[in-house]
Amino acid sequence: ILGEPLFWGPIVIHYLETTAHMTLSDIYRMESVALLVLFFLDVIFGSLADQIGYRKTILWGRALLIAQMIGNCFLAAPWMAWTTNFIWVAGFAL
């Protein structure tokens with residue numbers, strides 16, 4: 001249950017509002033752009049996985065997800081939230 005987005009959603013929204021000083025509409029805008037980018041990167045990184053190997057692709061993706069988690073610890077502005085969100089997009093797509 002702790003890995004489910006429905007559990008973390010309200011916590012992440014509150015965290016972004018208080019630390020990154022984003023409004024709810026900014027957060028939803030950021031998430032919608034990130035999901036659109038994820039839609040396209042998923043196909044591109046899938047073909048990349050065919051070329052360089054699935055193991056390397058998964059390792060790079062996990063490394064980016066860890067970098068995103070560490071980056072979220074230091075949020076202070078909206079641009080930092082956008083940056084860490086797109087690091088998450090790349091890591092999740094890999």
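Preceding block: the structure.
Now for a quick tour of the structure. These numbers come from a predicted model, not from an experiment.

A word on the overall build of the protein
Scanning the protein from N- to C-terminus turns up four helices and zero strands. Each helix (α) and strand (β) of the protein, taken in turn from the N terminus, gives the series α-α-α-α. If one aligns the C-alpha atoms of the protein with their principal axes, the spans along those axes are about 40 × 25 × 20 Å. Burial analysis of the protein (94 residues in total) assigns 23% to the buried set. Nonlocal contacts in the protein, meaning residues at least 24 apart in sequence, comprise 68% of its contacts between residues at least 6 apart. About 6,500 Å² of surface is accessible on the protein, with carbon and sulfur atoms providing 75% of the total. Averaging the coordinates of the 4 positive side-chain charges in the protein and doing the same for the 6 negative ones gives two points 14 Å apart.

Focus: helix H2 (residues 24-52)
Side chains three or four residues apart in an α-helix point the same way, a direct result of the helix having 3.6 residues per turn. In this model H2 runs 39 Å from its N-terminal to its C-terminal C-alpha over 29 residues, within 8% of the 42 Å that 1.5 Å per residue would give. Considering bend angle alone, the principal kink of H2 is centred on Leu41 and spans about 30°. Within the span of H2, buried status applies to Ile27, Met30, Ala34, Leu38, Phe45 and Ala49. Directly after H2, the chain includes Gly53, whose backbone phi takes a positive value near 110°.

Reading guide: rules and limits
- Residues numbered from 1 in each chain as written.
- Predicted model: local features only at pLDDT ≥ 70, side-chain atom pairs only at ≥ 80, totals over all residues.
- Heavy atoms only, no water.
- Helix = DSSP H or I, 4+ residues; strand = E, 2+ residues; numbered from the N terminus.
- Buried < 20%, exposed > 50% of the residue type's maximum accessible area, 1.4 Å probe, protein only.
- Contact = heavy atoms within 4.5 Å.
- Areas by Shrake-Rupley, 256 points an atom, 1.4 Å probe, with all protein chains shown as cover.
- Lys, Arg positive; Asp, Glu negative; His and termini not counted.
- Charge placed at Lys NZ, Arg CZ, Asp CG, Glu CD.
- Expected span 1.5 Å × (residues − 1).
- Bend = angle between axes of the 7 residues up to and from the residue.

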